[in-house]
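Fold and contact review
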Amino acid sequence: MGSLFRSEEMALCQLFLQSEAAYACVSELGELGLVQFRDLNPDVNAFQRKFVNEVRRCDEMERKLRYLEKEIKKDGIPMLDTGESPEAPQPREMIDLEATFEKLENELREVNQNAEALKRNFLELTELKHILRKTQVFFDEQEGGLNHTTESMTRALITDEVRTAGASMGPVQLGFMEKSIEREDYLPCFVAGVISREKLPAFERMLWRACRGNVFLRQAMIESPLEDPTNGDQVYKSVFIIFFQGDQLKTRVKKICEGFRATLYPCPEAPADRREMAMGVMTRIEDLNTVLGQTQDHRHRVLVAAAKNLKNWFVKVRKIKAIYHTLNLFNLDVTQKCLIAECWVPLLDIETIQLALRRGTERSGSSVPPILNRMQTFENPPTYNRTNKFTKAFQALIDAYGVASYREMNPAPYTIITFPFLFAVMFGDLGHGAIMALFGLWMIRKEKGLAAQKTDNEIWNIFFGGRYIIFLMGVFSMYTGLIYNDIFSKSLNIFGSHWHLSYNKSTVWNNKYLQLSPATSDYEGTPYPFGMDPIWQVASSNKIVFQNAYKMKISIIFGVLHMIFGVIMSWHNHTYFRNRLSLLYEFIPQLLFLVVLFFYLVLLMFIKWNRYAATNEFPMTEACAPSILITFIDMVLFKKSKPPGLHCNTYMFAGQSFFQTVFVLIALACIPVMLLGKPIKIMQARKLANEEVQPITGASDAEVGGMSNGGGSHGGGGEHHDEEEMSEIFIHQGIHTIEYVLGSVSHTASYLRLWALSLAHAQLAEVLWSMVLSLGLNKEGWLGGIFLTVVFAFWAVLTVGILVLMEGLSAFLHTLRLHWVEFQSKFYMGHGYAFQPFSFDTIIENGGAVTETE
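To start, this report covers the structure provided alongside it. (Residues numbered from 1 in each chain as written. Predicted model: local features only at pLDDT ≥ 70, side-chain atom pairs only at ≥ 80, totals over all residues. Heavy atoms only, no water.)

**A closer look at the overall build of the protein**
- Within the protein, the regular secondary structure consists of 25 helices and eleven strands.
- Out of the 854 residues belonging to the protein, those deemed buried represent 45%.
- Taking contacts inside the protein between residues at least 6 apart in sequence as the whole, the part at least 24 apart equals 80%. (Helix = DSSP H or I, 4+ residues; strand = E, 2+ residues; numbered from the N terminus. Buried < 20%, exposed > 50% of the residue type's maximum accessible area, 1.4 Å probe, protein only. Contact = heavy atoms within 4.5 Å.)

**Some words on the state of the cysteines**
- Within the structure shown, the criterion is met by zero disulfides.
- Of all cysteine sulfurs, the one in Cys13 lies closest to Cys343, which takes part in no disulfide; the gap is 5.5 Å.
- Under the relative-accessibility criterion, Cys343 is labelled buried at 2%. (Disulfide = S-S within 2.5 Å.)

**Thoughts on the pattern of salt bridges**
- In this structure the tally under the stated criterion is 29 salt bridges.
- In this structure, Arg299 engages Asp75 in a salt bridge whose closest nitrogen and oxygen atoms are separated by 2.6 Å. On the criterion of sequence distance, the pair formed by Arg299 in helix H8 (residues 271–327) and Asp75 in the loop between helix H2 (52–74) and helix H3 (93–143) is long-range, its members being 224 residues apart.
- Overall, the relative accessible area of 6% leaves Arg299 in the buried class.
- In this structure, Lys134 engages Glu223 in a salt bridge whose closest nitrogen and oxygen atoms are separated by 3.5 Å. Taken as a pair, Lys134 in helix H3 and Glu223 in the loop between strand E4 (216–221) and strand E5 (226–227) lie far apart in primary sequence, 89 residues in all.
- A residue is classified by how much of its surface remains accessible, and Lys134, at 18% relative accessible area, is buried. (Salt bridge = Lys/Arg side-chain N within 4 Å of Asp/Glu carboxyl O.)

**Considering the nonpolar core**
- Residues Ile469, Met473, Phe593, Leu597 and Phe812 are the most contacted members of the largest nonpolar core, which totals 70 residues.
- Looking at which element gives the most residues to this core, the answer is helix H18 (residues 580–611), with eleven residues.
- Those residues within four positions of Leu597 in sequence are excluded, and the remaining contacts are Phe632, Met635, Val664 and Ala667.
- Grouped together as the second largest cluster of nonpolar side chains are 61 residues, Leu15, Val26, Tyr324 and Cys343 included. (Core = buried A, V, L, I, M, F, W, Y, C linked by side-chain atoms within 4.5 Å.)

**With respect to the packing of helix H17 (residues 543–576) against helix H24 (residues 781–823)**
- Two elements in contact, H17 and H24, have axes whose closest approach is 10 Å; the angle formed by their N-to-C orientations is 50°. The pairing of H17 with H24 is recorded here as oblique in orientation. With respect to the hand of their crossing, H17 and H24 are arranged in right-handed fashion. The residues of H24 that touch H17, namely those facing His562, Met563, Phe565 and Gly566, are Leu818, His819, Glu822 and Phe823.
- Across the contact of H17 with H24, the residue classes tally to four nonpolar, three polar and one charged. (Axes fitted to C-alpha atoms, helices over the stretch in contact; angles between N-to-C directions. Parallel < 35°, antiparallel > 145°, perpendicular 65-115°, else oblique. Left-handed = near helix turned anticlockwise from the far one by under 90°. Nonpolar A, V, L, I, M, F, W, Y, C, P; charged D, E, K, R; others polar.)

**Description of the packing of aromatic side chains**
- For the structure shown, the criterion picks out 41 aromatic pairs.
- Ring centres of Phe495 and Tyr528 lie 6.0 Å apart, and the angle between their planes is 80°; this geometry places the pair in the edge-to-face category. Of this pair, Phe495 sits in the loop between helix H15 (467–484) and helix H16 (505–510) while Tyr528 sits in the loop between H16 and H17, and the two are 33 residues apart along the sequence.
- By relative accessible area, Phe495 is classed as partly exposed at 43%.
- On the basis of relative accessibility, which here comes to 13%, the residue Tyr528 falls in the buried class. (Phe/Tyr/Trp six-rings, centres within 6.5 Å; stacked < 30°, edge-to-face > 60°.)

**Let's talk about a nonpolar patch on the surface**
- A surface patch of nonpolar side chains, about 790 Å² in accessible area, is lined by Phe439, Trp442, Ile459, Phe463, Leu764, Val800, Ile802, Leu805 and Met806.
- If you list the elements that add at least two residues to the nonpolar patch, you get helix H12 (430–445), helix H14 (458–465) and H24.
- Per-element tally for the nonpolar patch: the top contributor is H24, with four residues.
- Inspection of the secondary structure puts Leu805 in helix H24.
- We classify Leu805 as partly exposed; its relative accessible area is 46%. (Patch = residues over 30% accessible without salt bridge, like charges linked within 9 Å, V, L, I, M, F, W, Y side chains within 5 Å. Areas by Shrake-Rupley, 256 points an atom, 1.4 Å probe, with all protein chains shown as cover.)

**A look at empty space enclosed by the protein**
- Evaluated as defined, the whole model comprises four cavities of 30 Å³ or more.
- Volume-wise, the largest cavity comes out at about 160 Å³.
- Surrounding the largest cavity, 15 residues form its lining, Asp486, Ser489, Gln537, Lys543 and Gln547 being those nearest its centre.
- Of all the secondary-structure elements, those providing two or more residues to the lining of the largest cavity are H17 and helix H23 (753–777).
- Considered class by class, the residues forming the lining of the largest cavity number four nonpolar, six polar and five charged. (1 Å grid on protein atoms, 1.4 Å probe; cavity = no way out; pocket = protein on both sides within 12 Å on 5 of 7 lines; lining within 4 Å. Points joined across faces, edges and corners; volume = space filled by probe spheres on them.)

Encoded structure:
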């Protein structure tokens, strides 16, 4: 078989590169993406390898680029992304890149520091401007005649002795109280400043408590927020002025202001001085605005110039880093002039890899060609399945269960058909399938533009990565919806009906107990051309009974065929790996066990459909059909079947009882063959090998054990029992046999989920129609039109949210389980490890993270 059905054949190669050509050759291999290098220095610390300094230099360049990227995003400048991937620069170009990044970083940091200093100065001047304005209002109010308030404030600031002496004083003015108070040590002082608005209540309480009420505080809010120069946040602040008496309170007030991070500013007492200072502050603010604008323009120009090349710089630096990281996996020969590497490569691509190495040698100017030698090894190679954008998602479903063993059968090509089909059996609805198919088709048509967006939304990335799966699931669901004749819980009358009811219209629509009986003359007796007859939509009494019988039977049929196909896939594995013991003592009895029991059950369904008409389903009719379930149970229990009715047949064909007995005996005989056949043969082969070889060579069991492995050839998919104890082999085979025998029964019953979810999906769709949309359809008039619009929107949201998304996810998970457990367990080992080639595309897609190889 080709590589589509098995993983690629791999080869372990040894690569010899001249030191001056190694960089260019590895660069070409990174562009190709077909070589997985092995680490030949596993015991060497990462900081002690040859090219660790170059990797550190790349890390430093990446740090500078991330700083530039952060600044560019902060300003909202779009970064140019042409979608092209530049080649990896030559090693000498690293110096130019480092100098460019160093210059940009230093220039940008200097501009940012200057801008921050200017903004801090601007903030201080702005706060001082507000202080001068607000305090001027305070003083103007005092000078305007609010002397009673001033007198009360003055009395609150002096001690009891002065308060008593000053009770007979006349009005005084703030700042000039020395005219009214005779003692100089009681002259009032004040401080003014700005504090965060959210801290103001606590600030007031602390002042009151610490100063014991001997201060007077006035505050006013600054209406517009101020920008914090450190982080750019908008902060709301308030201006305050505190009046107090004496140096002790002054010291205490300043400490409290310092503790609350309040900023204090000088405020002259004289009105003329305040006006002069305010004019100077305004002039400086205008000058700062001009300088700040020029600084921001210069910063913007620097960032715009950097944004044009930032994506390409990232790609170049990450490629350089990936090359040197890969070169650290190589070994140096004794002459220090040649690098030696070991790598896994696909056998079919060796010539392509040699051409890439030749191009790298020519680029570097080296005269010594590289040498690529194929090595012989007994190690299990990595598993490499070639994929494209269509098959990649299906292969990811298989690899999520476990990476295939080397060269074993790959289920992904078959899953392309079986996965959407089994999903559609559960999700069968023409309308819901059309919504899903259109969504998948939209993503497929717009995939280039959507892929270029590179969003970090994980849910969207999952949907977009599985766009072909979604499209196929929708298309298959449309097909099964036509088979079920179901579109949003209603039927399509394409070919008319093969029933001619003798009831009037009102009876058909209103009688809940009306049943469709094929035994009457209402049925024409000919099958419907495609799918189900639309008349079943109005048969509310026995529609579910009819559909249950149909869907239950097709679920068992599809399930048994799916499992038999899985067992047949194991035959391809056994023959490819020349595993004769597994072929004789596992595949043949497994297939016989499945066929004589469960495939026979499927045959009974087809025989019943062929030999008996729908009129023979009732026990009171002549020659009524026997029950398949009762027949199968009696067959397994070796009981003689009894007819379900007086006129019913016991068996469907002559000799059925004899054949059923033989089939059960064959199935029972397969169990000991599966349980003991292979271990006994291995034990006999080991004994024979010991008798023939050990007297001559003195070989041990481990050395001759390879003669008893059933002829398994090289590869991860073959079974080897060379060093395994016989007791472990018996235990393993016993577990495998019990799992298969019991699993055949449980897995067959597990496929009934196809019927159960299909029934649940149809019933949910019918509930939404009857309880939501039909309410709007029953209204008449223009109000009914408005009501229908609202109801339709609600119904559409529920349909997409519940029936398409939630039911679709449920059906997807059940389909995934059927493939992982019921299908792949018959043949799929999944014990391999993935081929992870050195690829620039993968590294850049992962954000520069270099994947560690073995």
